[in-house]
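Secondary and tertiary structure notes
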There are 2 protein chains.
Amino acid sequence: MSVTAPKGFRAAGVAAGLKPSGRPDVALVVNDGPSDAAAAVFTTNRVQAAPVQWTRQALADGRLRAVVLNSGGANACTGPDGFADTHFTAEHVAKALDLGAGDVGICSTGLIGVRLPMDLLLNGVTRTVAQLSADGGPAAAEAIRTTDTVSKQAVRLSADGAVTVGGMAKGAAMLAPSLATMLVVVTTDAVADAATLHRVVSEATRLTFERIDSDGCLSTNDTVLLLASGASGVTLAEAELTALVTDVCMDLGKQMIGDAEGATKDIAITIKGAASEDDALEVGRAVARNNLLKCALYGKDPNWGRVLAAIGTTKAAFEPDELDVAMNGVWVCKAGAPGESRDLVDLSGREIAIVADLHAGTAEATIWTNDLTDGYVYENSAYST
Amino acid sequence: MSVTAPKGFRAAGVAAGLKPSGRPDVALVVNDGPSDAAAAVFTTNRVQAAPVQWTRQALADGRLRAVVLNSGGANACTGPDGFADTHFTAEHVAKALDLGAGDVGICSTGLIGVRLPMDLLLNGVTRTVAQLSADGGPAAAEAIRTTDTVSKQAVRLSADGAVTVGGMAKGAAMLAPSLATMLVVVTTDAVADAATLHRVVSEATRLTFERIDSDGCLSTNDTVLLLASGASGVTLAEAELTALVTDVCMDLGKQMIGDAEGATKDIAITIKGAASEDDALEVGRAVARNNLLKCALYGKDPNWGRVLAAIGTTKAAFEPDELDVAMNGVWVCKAGAPGESRDLVDLSGREIAIVADLHAGTAEATIWTNDLTDGYVYENSAYST
């Protein structure tokens, strides 16, 4: 049920013809309230798509009633005309729903540098309005897919069952901190003000999407939206709401890594013994971005030297001759030198766990990534995405 | 003739059995003087191979009489035993040539985390000593190849023909600043002291190898050595010597990019209109490391949005709506929005020129890279390298 699992939300998804494949490509999520509090995290890329610029403005008052999402075109690097297209789309939705344009967020994904076919898009938007329903979450999740092979949805309930958090995501490449490239809409029927939601979505993103790094590339369109209808009438402790939203985001994030373009391995890189969490994250990201390591893991080769070479590029606190590295439980590197035999490492499964101990402190963090494969090259070279 | 083109140098290369393929894998370069001034630039990776640690020490006095280079094993992450292996190799060469061990530099390349088979290596070194000759440069260049499909050599003469600079290089992946991953030995018969040579090799490297970025990975073994025999009896102006050495390094660097693993495109990324050279370099490197762009170029797809997405990740001075981007002469992006039609761009040839104008100043720099292909994935996944 994804975004329509919590009370107070309706959604829809239709095929508007933006995708040459004819698959669904326009989604609409509406918050019927009583509250319309909302918050978001956006890409840190300085080149930001028109919908990111628009939605940031629309959210300035901490309120959002509806979100239009389209695949089939990112509307990024499209200049003032592209921004006008986004503005016009918001006006169009607002009119149909009897809202102000500033109550409508917009998210787009697809090829950069191409204007959207506005006639097709607006026609699709009109049809989503007509099809809005309280069980439209899956259809909306379907319509935001790009190269995703499956739609991504997640739902969690609070301990007492009184509050629901639901989410949908798209993202299968250009996953990078911060953020992993993606469009994400998370909804809840909890009662929460915009300031609380902002803290919640920021913390959840920091612990999940910002620690996913599929290919080191940072998109122009990344958006994580959190909408609260308040329809449950229940106010959770902020910590519990944060935990629920984080759980939904982690679930969605793992679905994205599992579906990353061409990937055959899901790789968790845990850095232990770091002097600080920042050090652990810096080292984890450096390892996750090492193309040579990612190719080796695709080839089921426990080439731990590439882990050390990646660690050595960072500014984190460590001594090279104190580094330990384990691959799937085998400590192939001890004190910066060969440890247990690499022949003991079994990399035949999809899950790979790499642990590096810096022996410089007690902080720890995990970054999730995947392997680099000919499938990735094919998906990103054979056609424009 | 590479390293033996200048007067005062002998070299040799033999097959010692370090490589399973049976190809040549041990090289020796000897400087017969009268001078033995030398300087080097080493990898900035904090995880440094034993031969890097050794050669840095040996060069502390600004002198080097001989250099042993081996492929078939990097001797990196091998602990104190690996360092002892390097030390012992230097002692072995020194004894055969009637030198001190501190007169001998060592360079190794190959798999990380594995000890070298010392009996094979020392036997090979003994044979290189026996085969040293004034025309042994090509044999030495052949013996340092790893996945290089051809040996890399270059020679330049000073304007009056009195001074010669020669060089050899190996490197076909893990090319990253700073340095591009490589072993390079440059020789000259110019008269120059170690301090001058240090300035010359640093500047030449800064302008060439540090601006090559094949796959963003930084090796544990990168070494660029410059040896001066003084056998010509001629002292060049430092600027002329720098220009000659830079020319040789650029030639070798372009040979490396042209032979990068699996590459089908040689890509020059020029950043113009930057507020500073550092800004231009930061932006150029960000573009050169964008896997999505590199895949698109492999697919001959002028996907300029990926250039802007990469630029947007940097801290360089620019405004997103002022960015211009050209691909092979076609300005596909003007003022951050679509410019000339991408259909006009011809990416069918091997050479691709990308120019981005930041409109933030007058500084400019070029980074050289290549595309990301299934061939690269294959070479780095199918076996340990």
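Residues numbered from 1 in each chain as written. Chains lettered and ligands numbered in written order. Predicted model: local features only at pLDDT ≥ 70, side-chain atom pairs only at ≥ 80, totals over all residues. Heavy atoms only, no water.

1. As for the overall build of chain A
Put simply, the rule is: A helix here means a DSSP run of H or I that spans at least four residues, while a strand means a run of E at least two residues long, and both kinds are numbered starting from the N terminus. For the radius of gyration, the atoms used are the C-alpha atoms, and the globule rule reads 2.2 Å times the number of residues raised to 0.38. Only protein chains enter the accessibility calculation, which uses a 1.4 Å probe. A residue is then buried if its area is under 20% of the maximum for its type, exposed if over 50%, and partly exposed in between. Computed with a 1.4 Å probe, the accessible areas rest on the Shrake-Rupley method; for each residue, only the protein chains presented here act as cover. Charged residues are defined here as Lys and Arg on the positive side and Asp and Glu on the negative side; His and the ends of the chain fall outside this count. The atom standing in for a charge is NZ when the residue is Lys, CZ when it is Arg, CG when it is Asp and CD when it is Glu.
Helix and strand content of chain A: 10 helices and 17 strands. Whereas a compact globule of 385 residues would reach a radius of gyration of roughly 21 Å, chain A reaches 21 Å, a difference of no more than 12%. Judged by the C-alpha coordinates and their principal axes, chain A covers about 65 × 50 × 35 Å. When the 385 residues of chain A are sorted by exposure, 62% land in the buried category. Counting every atom, chain A has about 12,400 Å² of accessible surface; 52% of that belongs to carbon and sulfur. Of note, chain A has its 30 positive side-chain charges centred 3 Å away from the centre of its 46 negative side-chain charges.

2. A word on the sheet that holds strand E17 (residues 363–370) of chain A
All names here are of chain A. Our working definition: Here the rule is simple: two strands pair whenever DSSP picks up at least two bridges between them. Here, residues are in contact when the closest pair of their heavy atoms is within 4.5 Å. Only C-alpha atoms enter the line fits that serve as axes; for helices the fit covers just the stretch in contact. Angles between N-to-C directions range over 0 to 180 degrees.
Ordered in space as E15-E14-E13-E16-E12-E17, the 6 strands form an open sheet in which the pairing is mixed. At either end of the open sheet lies a strand with only one pairing partner, and these are strand E15 (337–338) and E17. Most of the contacts of helix H6 (residues 238–258) go to E17, to which it runs at about 45°, and overall it touches strand E12 (266–274) and E17. Against the sheet, helix H8 (residues 291–298) engages E12, strand E13 (324–327), strand E16 (351–357) and E17, with an angle of about 135° to E16.

3. Quick word on the relation of the copies chain A and chain B
The following threshold applies: The copies are overlaid by a least-squares fit using only the C-alpha atoms of residues whose pLDDT is at least 70 in both copies.
Placing chain A over chain B gives an RMSD of 0.0 Å and needs a rotation angle of 180°, together with 0.0 Å of translation along the axis. What the superposition gives is, in effect, a two-fold axis relating one chain to the other. The position closest to the rotation axis in chain A is occupied by the C-alpha of aspartate 374 of chain A, lying 2.3 Å away. When the interface residues of chain A are mapped onto chain B, 100% of them again fall at the interface, so both copies present the same face.

4. Some details on the state of the cysteines
Quick note on the threshold: The rule for a disulfide is simple: a pair of cysteine sulfur atoms within 2.5 Å.
A full pass over the atoms with the stated rule returns 0 disulfides over all chains. Left unpaired, cysteine 333 of chain A is separated from the closest cysteine sulfur, that of cysteine 77 of chain B, by 6.1 Å.

5. Remarks on the interface of chain A and chain B
Put simply, the test is: Buried area is understood as the total, over both parts, of accessible area removed when two parts are fitted together, assessed with a 1.4 Å probe. Here a salt bridge means any side-chain nitrogen of Lys or Arg lying within 4 Å of a carboxyl oxygen belonging to Asp or Glu. Counted as a polar contact is a pair of N or O atoms within 3.5 Å, where, for protein atoms, one must be capable of donating a hydrogen and the other of accepting one, and residues adjacent in sequence contribute only when both atoms are in side chains. Residue classes follow a fixed rule: Ala, Val, Leu, Ile, Met, Phe, Trp, Tyr, Cys and Pro count as nonpolar, while Asp, Glu, Lys and Arg count as charged, and any other residue, Gly among them, counts as polar.
In this complex, chain A contributes 52 residues to the contact, which on the side of chain B involves 52 residues. Regarding the contact of chain A and chain B, the summed buried area is about 4,000 Å², with carbon and sulfur atoms giving 59% of it. Summed over the three residues of chain A that lose the most area to chain B, namely Arg46, Asn291 and Leu292 of chain A, the buried surface amounts to 17% of that side. For the pair chain A and chain B, the number of links is 0 salt bridges. Inspection of the chain A/chain B interface yields 13 residue pairs in polar contact (both at pLDDT 80 or more). Only H8, helix H9 (305–311), E15 and helix H10 (374–381) of chain A provide two or more residues apiece to the side of chain A that touches chain B. Residues that form the side of chain A that touches chain B fall into these classes: 25 nonpolar, 20 polar and 7 charged.

6. Some thoughts on the pattern of salt bridges
All names here are of chain A. Enumeration according to the criterion identifies 38 salt bridges over all chains in this entry. Its salt-bridge partner being aspartate 85, residue arginine 115 comes within 2.7 Å of it at the nearest N-O pair. One end of the pair, arginine 115, is in the loop between strand E5 (104–108) and helix H3 (118–131); the other, aspartate 85, is in helix H2 (residues 79–97), and 30 residues separate them in sequence. Judged by its relative accessible area of 40%, arginine 115 falls in the partly exposed class. The class for aspartate 85 is buried, based on a relative accessible area of 7%. In this structure, a network of salt bridges that share partners links the residues Asp36, Asp61, Arg63, Arg65 and Asp103.

7. A few points about the environment of leucine 99 of chain B
All names here are of chain B. The topology assignment puts leucine 99 in the loop between helix H2 (79–97) and strand E5 (104–108). Measuring from C-alpha to C-alpha, the distance between leucine 99 and alanine 84 comes to 18 Å, with 15 residues separating the pair along the chain. When residues no more than four places from it in sequence are discounted, the contact partners of leucine 99 are Arg65, Ala66, Ala94 and Val104.

8. Quick word on the sheet that holds strand E7 (residues 164–170) of chain A
Residue and element names in this part refer to chain A. On the basis of which strands lie adjacent, the open sheet formed by 5 strands has the order E3-E11-E10-E7-E6 and mixed pairing. The open sheet is flanked by strand E3 (37–42) and strand E6 (152–157), the only strands paired with a single partner. With direction set aside, neighbouring strand axes in the sheet form an average angle of 10°. As defined by bridge partners, E7 adjoins strand E10 (residues 183–188) across 6 bridges and the pair is classed as antiparallel.

9. Structural notes on helix H3 (residues 118–131) of chain B
Residues and elements named next belong to chain B. Stated formally: What a helix is expected to span follows from its residue count: subtract one and scale by 1.5 Å. This arc describes the spread of directions from the helix axis toward the C-beta atoms.
Helix length check: H3 (14 residues) gives 20 Å between terminal C-alpha atoms against 20 Å at 1.5 Å per residue, within 8%. For H3, the complete set of buried residues consists of Met118, Leu121, Leu122, Gly124, Val125, Thr128 and Val129. Viewed along the axis of H3, the buried residues span an arc of 160°, placing them on a single side of the element. Summarising the geometry of H3, the exposed residues directed more than 90 degrees from the buried face are Asp119 and Ala130. Of the surrounding elements, those touching the buried residues of H3 are strand E1 (9–14), strand E2 (26–31), strand E4 (66–70) and H2.

10. Notes on unusual backbone geometry
All names here are of chain A. With an omega of 25°, the peptide bond running from glycine 33 to proline 34 counts as cis. Along the chain, the position of proline 34 falls in the loop between strand E2 (26–31) and E3. Positive phi, normally seen in glycine, also occurs at asparagine 75, with a value near 50°. By the secondary structure assignment, asparagine 75 is in the loop between strand E4 (66–70) and H2. Asparagine 75 sits in the buried class, given a relative accessible area of 1%. Look at asparagine 328: it is not a glycine, yet its phi comes out positive at around 45°. Along the chain, asparagine 328 turns up in the loop between E13 and strand E14 (330–334). With a relative accessible area of 29%, asparagine 328 lands in the partly exposed category.

11. Observations regarding the domain arrangement of chain A
All names here are of chain A. Stated precisely, the cut-off is as follows: What counts as a domain boundary in this text is fixed by an automatic or database domain assignment.
As far as domains go, chain A holds domain 1 (2–258) and domain 2 (266–381). Here domain 1 and domain 2 have C-alpha centroids that lie 33 Å from each other. Taken together, the contact between domain 1 and domain 2 spans 16 residues of the former and 16 residues of the latter. Buried surface at the junction of domain 1 and domain 2, both sides included, amounts to about 1,300 Å², of which 44% is carbon and sulfur. Joining domain 1 to domain 2, the criterion identifies 2 salt bridges. In this assembly, domain 1 and domain 2 are joined by 4 residue pairs in polar contact (both at pLDDT 80 or more). Counting residues per element, the side of domain 1 that touches domain 2 draws most heavily on H6, which supplies 4 residues.

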